[in-house]
Amino acid sequence: MAYRDLEFPENFLWGSAAAAHQTEGGNFNNWTEWEKIPSKIKDGSNSSIACDHYNRYEDDFDLAKKLGHQVHRFSIAWSRLEPEQGKWDESEIDHYRSVLQALVDRDIQPMVTLHHFTEPVWFRDLGSWLNPKSPEIFAPYCRKVAEAYSDFDIIWNTINEPMVVTTMGYVFGEFPPEEKDFGKGLTVAKHLLMAHGQAATQVRQVYDEIGREQPQIAPVISVSHFMPADSENDDDLELVDYLDELYNHVWIRGAIEGILPEPAGDGSRYPPLDNSVDFIGLNYYSRMVVSSELDFMAGDMPPKDPELERCEGLDWEVYPEGYYQVLQSFGKKYDKPIFLTENGIGTSDDEVRQRYIINHLQEVHRAIQDGVEVLGYLVWSLTDNFEWAQGFSSHFGLVEVDYETLERKPRESAYMFKGIIEQNALTEDIQEKYLLD
Ligand code: GCO
């Protein structure tokens, strides 16, 4: 097969993404408490030390720098900053100042996520996102963060993957609080949308108050490419449309249009959402094939395609074409640029990762050629880390972590990615080297 150089737009940003709970260690939140229940984490591990990134962030950012990264996306642990409602831990606020400074010192652009899955135990005890007041309870923390770090040049992410929090925590019951209740899921989706609005509003207000130019703000959504088990079956096609709308679009459309859309809300306006989306943070990993003959809500899925490679543990099928499809549909539906805030694969076979990244970037390039505005691309993740209910058994890192010694070792894919960043292109040489080997 003949390849050609695929150049990315000028000013395209490259880097990697991570989250506090998965890398830092030493957290105390709803997940650390849940992890203590035997059998919740598939490999029997827990996040206690994780990658010890809390103490090793400078070394990790040295690696990111050495590997050419221009952006690093990470999350702030709400439970560290506000260990009791309304009480602020100044030493933790200082900690993240040092983290931000370490990125700036290395000339890496920080992208900061305010909520990435975990929350303080006191918030859980107030009913978490089922509490009608939860968006307002979240707001002071967002304000505090904005006040504390507004002197840094930050790209802000409000809520990470609201529909994953909703479905995994409240519909399929695989994440805390293990609810299996569609109605509760809708309530949580609505409150997370309101929380996004509150977060954006707080950040904007703080910047206005200090007379600083407004930053870029975005929620980060997880999208899947839904496909019918039988493309001739109308019921399957209908199910695809229904799930695509419910999972991929309802929430983000609400954020962009400033409403609480049905079926999560009643279609009413929610003013804090106004001007809350500068760009769409989009995470894509895989497709989802669905059949109307199976009970999707009970988690029944058709058999996977044995020809496709899969993500370790999570069993997601590798399907790069779906990336193009979702980018196309987002490009057409919304007048907002897209930042690819996560893409990657859990695997111990780095050649699988090399192929995964290249094949997905080929699709990103194709979408850009066809007119979709894409601002940047972040690999999930810089290092191996604690993959939620999978524990440490799914290896997403460009950099391998030895969990005995916590030693870091860049994989070949990290150097491959460095080459892509340096050229701002997927060159013919890189494609030949990594796809034909
Ligand atoms: C998510 C989270 C990440 C995951 C990654 C791989 O996207 O679910 O943002 O924390 O680790 O997606 O599953």
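See the structure above.
Nothing here was measured: the structure is a model prediction, and the numbers come from that model. (Residues numbered from 1 in each chain as written. Predicted model: local features only at pLDDT ≥ 70, side-chain atom pairs only at ≥ 80, totals over all residues. Heavy atoms only, no water.)

Colleague: Quick one: what's the story with the environment of E84, residue by residue and with numbers?
Modeller: Position of E84 relative to the elements: it lies in the loop between α4 (78-81) and α5 (90-105). When the C-alpha positions of E84 and V203 are compared, they lie 22 Å apart, and in sequence the two are 119 residues distant. (Helix = DSSP H or I, 4+ residues; strand = E, 2+ residues; numbered from the N terminus.)

Colleague: Explain the nonpolar core to me, using residue names and the numbers behind them.
Modeller: If you look at the biggest cluster of nonpolar residues, it comprises 118 residues, and the most contacted ones within it are W129, F138, Y149 and Y377. Broken down by element, this core gets its largest block of residues, 11 residues, from helix α9 (residues 182-209). Every residue in contact with F138, bar those within four places of it in the chain, is listed here: W78, L114, H115, W129, I159, A195 and A199. Of all hydrophobic cores here, the second largest spans 17 residues; its members include A17, F279, I345 and W380. (Core = buried A, V, L, I, M, F, W, Y, C linked by side-chain atoms within 4.5 Å. Buried < 20%, exposed > 50% of the residue type's maximum accessible area, 1.4 Å probe, protein only. Contact = heavy atoms within 4.5 Å.)

Colleague: Which residues make up a nonpolar patch on the surface, and what values go with them?
Modeller: Together, F182, Y242 and M297 line one region of the surface with nonpolar side chains, adding up to about 270 Å² of accessible area. Looking at the element boundaries, M297 is found in the loop between β9 (280-290) and α11 (320-333). What makes M297 partly exposed here is its relative accessible area of 33%. (Patch = residues over 30% accessible without salt bridge, like charges linked within 9 Å, V, L, I, M, F, W, Y side chains within 5 Å. Areas by Shrake-Rupley, 256 points an atom, 1.4 Å probe, with all protein chains shown as cover. Salt bridge = Lys/Arg side-chain N within 4 Å of Asp/Glu carboxyl O.)

Colleague: Describe a negative patch on the surface, and please don't skip the residues or the numbers.
Modeller: Residues D230, E232, D234, D235, E238, D241 and E293 make up a contiguous surface patch of negative charge. Considering the arrangement of structural elements, one finds E232 in the loop between β6 (217-228) and α10 (234-257). (Lys, Arg positive; Asp, Glu negative; His and termini not counted. Charge placed at Lys NZ, Arg CZ, Asp CG, Glu CD.)

Colleague: Before we move on, could you go through the packing of aromatic side chains and cite the residues and values that matter?
Modeller: Under the defined criterion, the tally for this structure stands at 29 aromatic pairs. Three or more aromatic residues joined by ring pairs make a cluster, and in this case those are W78, W122, F123, W129, F138 and Y141. Above the ring of Y319, the side-chain terminus of R287 is found at 4.6 Å from the ring centroid. Cation over ring: R366 sits above Y324, and NZ or CZ is 3.6 Å from the ring centre. (Phe/Tyr/Trp six-rings, centres within 6.5 Å; stacked < 30°, edge-to-face > 60°. Lys NZ or Arg CZ within 6 Å of the ring centre and 35° of its normal.)

Colleague: Provide a residue-level description of the packing of helix α3 (residues 53-66) against α5, including the pertinent values.
Modeller: Contact geometry of α3 with α5 gives a least axis separation of 9 Å together with a crossing angle of 10°. Our classification of the angle between α3 and α5 gives roughly parallel. Along its contact with α3, which presents Y54, Y57, E58 and F61, the element α5 presents E92, H95, S98, V99, A102 and L103. Looking at the contact of α3 with α5, its residues break down into 6 nonpolar, 2 polar and 2 charged. (Axes fitted to C-alpha atoms, helices over the stretch in contact; angles between N-to-C directions. Parallel < 35°, antiparallel > 145°, perpendicular 65-115°, else oblique. Nonpolar A, V, L, I, M, F, W, Y, C, P; charged D, E, K, R; others polar.)

Colleague: I'd like a description of helix α8 (residues 162-171), backed by residues and values.
Modeller: Across the 10 residues of α8, 10 count as buried, placing the element largely inside the fold. Along α8, the residues classified as buried are P162, M163, V164, V165, T166, T167, M168, G169, Y170 and V171. The inward-facing, buried residues of α8 contact β5 (155-160), α9, β6 and α10. Immediately downstream of α8, the backbone of G173 shows phi near 65°, a positive value.

Colleague: Report on the side chain of H21, specifying residues and quantitative values.
Modeller: Inspection of the secondary structure assignment puts H21 in helix α1 (residues 20-23). Taking relative accessible area as the criterion, H21 reaches 2% and is therefore assigned buried. Separated by 3.3 Å, the side chains of H21 and S47 make a polar contact. Non-local contacts of H21, meaning those with residues more than four positions away in its chain, are made with N27, N29, W31, T32, E35, S47, A50, T118, F386 and W388. (Polar contact = N/O pair within 3.5 Å; in protein donor to acceptor, adjacent residues only side chain to side chain.)

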